[in-house]
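# Reading the structure
Given next are the chains, with one letter for each unit.
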Amino acid sequence: RFIAKPCAISLGIQDSGPHRAQPNAILEKVFTSITKSPDGKRLEGLSKQLDWDVRKIQRWFRHRRNQDKPTTLTKFCESMWRFTFYLSIFFYGIRFLWTAPWFWDTRQCWYNYPFQPLTSRLYYYYILELAFYWSLMFSQFTDIKRKDFLIMFVHHLATIGLITFSYMNNMVRVGTLVLCLHDASDFLLEAAKLANYAKYQRLCDAFFMLFGVVFIVTRLGIYPFWILNTTLFESWELIGPYPSWWLFNGLLVTLQILHIIWSYLIVRTAYKALMRGKVSKDDRSDVESSSEEEDVTSNSTKGVSSTSSNGSNCINGHVASGQWTEE
């Protein structure tokens with residue numbers, strides 16, 4: 001409210017939503033009570049009832065769906081908050097772990113376990129991370145809805161479970177490694193979103209490609225060969241099969257499965273965005289890009305300049321600004 005919003009306004013981001021649908025009691029009742037995306041049969045019935053063209057009714061439903069979407073200003077403020085936290089906590093973690101012996105030798109995570117001291121810096125690092133993920137757990141129901149809502153819900157559950165479990169069992173050394181590793185790429189994604197909302201497309205593309213590289217290297221490279229290696233094998237060798245070994249590693253492997261799913265989505269999204277980047281113009285007729293009827297109607301329109309799903313202008317040869325951000 002006091003930092004992100006003024007920054008957004010200074011960048012020219014307006015607090016204005018998409019075009020509002022024309023008031024119509026019959027269509028509003030269908031939208032709220034029956035369906036938000038009527039099929040062909042229902043469209044024909046509404047067309048006869050209202051004496052409207054089918055395309056006009058399709059357009060009304062698209063506008064009505066878009067009314068409920070958050071504005072670019074709202075998305076910018078949310079991303080700026082997350083960028084600030086991820087960047088701050090990442091550098092705090094790096095500064096703290098740089099002098100920690102287990103950062104350079106993961107076997108140090110298990111020496112003298114469980115009689116390892118809990119320093120104040122380590123304690124605050126853990127509590128900050130746990131508080132943030134609890135906030136995400138609750139706020140995801142009120143924040144902007146994403147396509148990976150279910151995956152994120154599972155991720156938050158696994159993360160909170162891991163942080164709490166490792167803290168209760170004094171496995172905080174390996175826990176700090178997991179936390180820092182996950183924070184390494186998150187702030188880059190939020191930076192890409194900020195550039196996207198501000199319409200700095202080249203900067204947006206650069207941040208997203210950098211995010212993709214860092215994400216894949218850390219989550220598919222460092223995480224399994226560094227983190228899972230020490231929790232699965234080095235811990236077994238040094239302290240034996242402790243009672244919670246299966247639960248702890250089960251949660252860590254769950255995170256790895258999510259990493260694989262997200263890596264696939266990132267690679268697919270980057271590929272699709274690069275392919276679409278070859279197109280010099282987006283002639284879709286509306287801000288909603290997910291409805292099938294829009295693709296049909298846009299083919300019959302003549303050179304209509306439109307906006308992408310986040311309100312930016314035509315793609316002009318760059319990566320389509322709305323293609324990867326929503327995913």
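Residues numbered from 1 in each chain as written. Predicted model: local features only at pLDDT ≥ 70, side-chain atom pairs only at ≥ 80, totals over all residues. Heavy atoms only, no water.

## Considering the packing of helix H7 (residues 120-139) against helix H9 (residues 172-197)
What counts is decided by this rule: Lines fitted to C-alpha atoms define the axes, with helix axes restricted to the stretch in contact, and inter-axis angles between N-to-C directions lie between 0 and 180 degrees. The helix and strand labels rest on DSSP assignments: H or I over at least four residues marks a helix, E over at least two residues marks a strand, and numbering proceeds from the N terminus. If an angle is under 35 degrees, it is roughly parallel; if it is over 145, roughly antiparallel; if it lies from 65 to 115, roughly perpendicular; otherwise it is oblique. Handedness of a crossing follows from how the near helix is turned relative to the far one, being left-handed for an anticlockwise turn of less than a right angle and right-handed for a clockwise one. The contact criterion used is simple: two residues touch if any of their non-hydrogen atoms lie within 4.5 Å. Gly is put with the polar residues, along with every residue not named as nonpolar or charged; the nonpolar set is Ala, Val, Leu, Ile, Met, Phe, Trp, Tyr, Cys and Pro, and the charged set is Asp, Glu, Lys and Arg.
Two numbers describe how H7 lies on H9: the axes approach to 11 Å, and their chain directions differ by 55°. Compared by their axis directions, H7 and H9 come out oblique. Note on packing geometry: the crossing formed by H7 with H9 is left-handed. Where H7 approaches H9, its residues Leu-122, Tyr-125, Tyr-126, Glu-129 and Tyr-133 are matched on the opposing element by Val-172, Gly-175, Thr-176, Leu-179, Cys-180, Asp-183 and Asp-186. When its residues are assigned to classes, the contact of H7 with H9 shows seven nonpolar, two polar and three charged.

## Here's the deal with helix H3 (residues 40-50)
Here is the rule we go by: A 1.4 Å probe rolled over the protein chains alone gives each residue an accessible area, and that area as a share of the maximum for its type sets the label: buried under 20%, exposed over 50%, partly exposed in between. Taken from the helix axis, the directions to the C-beta atoms give the arc we talk about.
Within H3, the full set of buried residues consists of Leu-43, Leu-46, Ser-47 and Leu-50. Each buried residue of H3 lies within a common arc of 105° when the element is viewed along its axis, so the set occupies one face. Structural note: H3 exposes Lys-41, Lys-48 and Gln-49 on the side pointing more than 90 degrees away from its buried face. The elements touched by buried residues of H3 are helix H2 (25-33) and helix H4 (54-67). Just beyond H3, the residue with positive phi is Asp-51, at close to 60°.

## What to know about the packing of aromatic side chains
Using the following cut-off: Pairs were defined over the aromatic rings of Phe, Tyr and Trp, the Trp ring being its six-membered one, requiring ring centres within 6.5 Å. Orientation was assigned from the angle between planes: stacked under 30 degrees, edge-to-face over 60, tilted for the rest. Any Lys NZ or Arg CZ that is within 6 Å of a ring centre and within 35 degrees of that ring's normal is treated as a charge sitting over the ring.
Taken as a whole and assessed by the stated rule, the structure comprises 25 aromatic pairs. Centre to centre, the rings of Phe-132 and Tyr-133 are 5.7 Å apart; their planes meet at 75°, and the pair counts as edge-to-face. Here the two residues Phe-132 and Tyr-133 agree in accessibility, since each one is buried. With a centroid separation of 5.8 Å and an interplanar angle of 25°, the aromatic rings of Phe-165 and Phe-248 are classed as stacked. In this pair, Phe-165 sits in helix H8 (residues 149-168) while Phe-248 sits in helix H11 (residues 245-276), placing the two residues 83 residues apart along the sequence. The burial state of Phe-165 is the same as that of Phe-248; both residues are buried. In this structure an aromatic cluster arises from ring pairing among Trp-81, Phe-85, Tyr-86, Phe-132 and Tyr-133. Positioned above the aromatic ring of Trp-52 is the side chain of Lys-56, whose terminal nitrogen or guanidinium carbon lies 4.3 Å from the ring centre.

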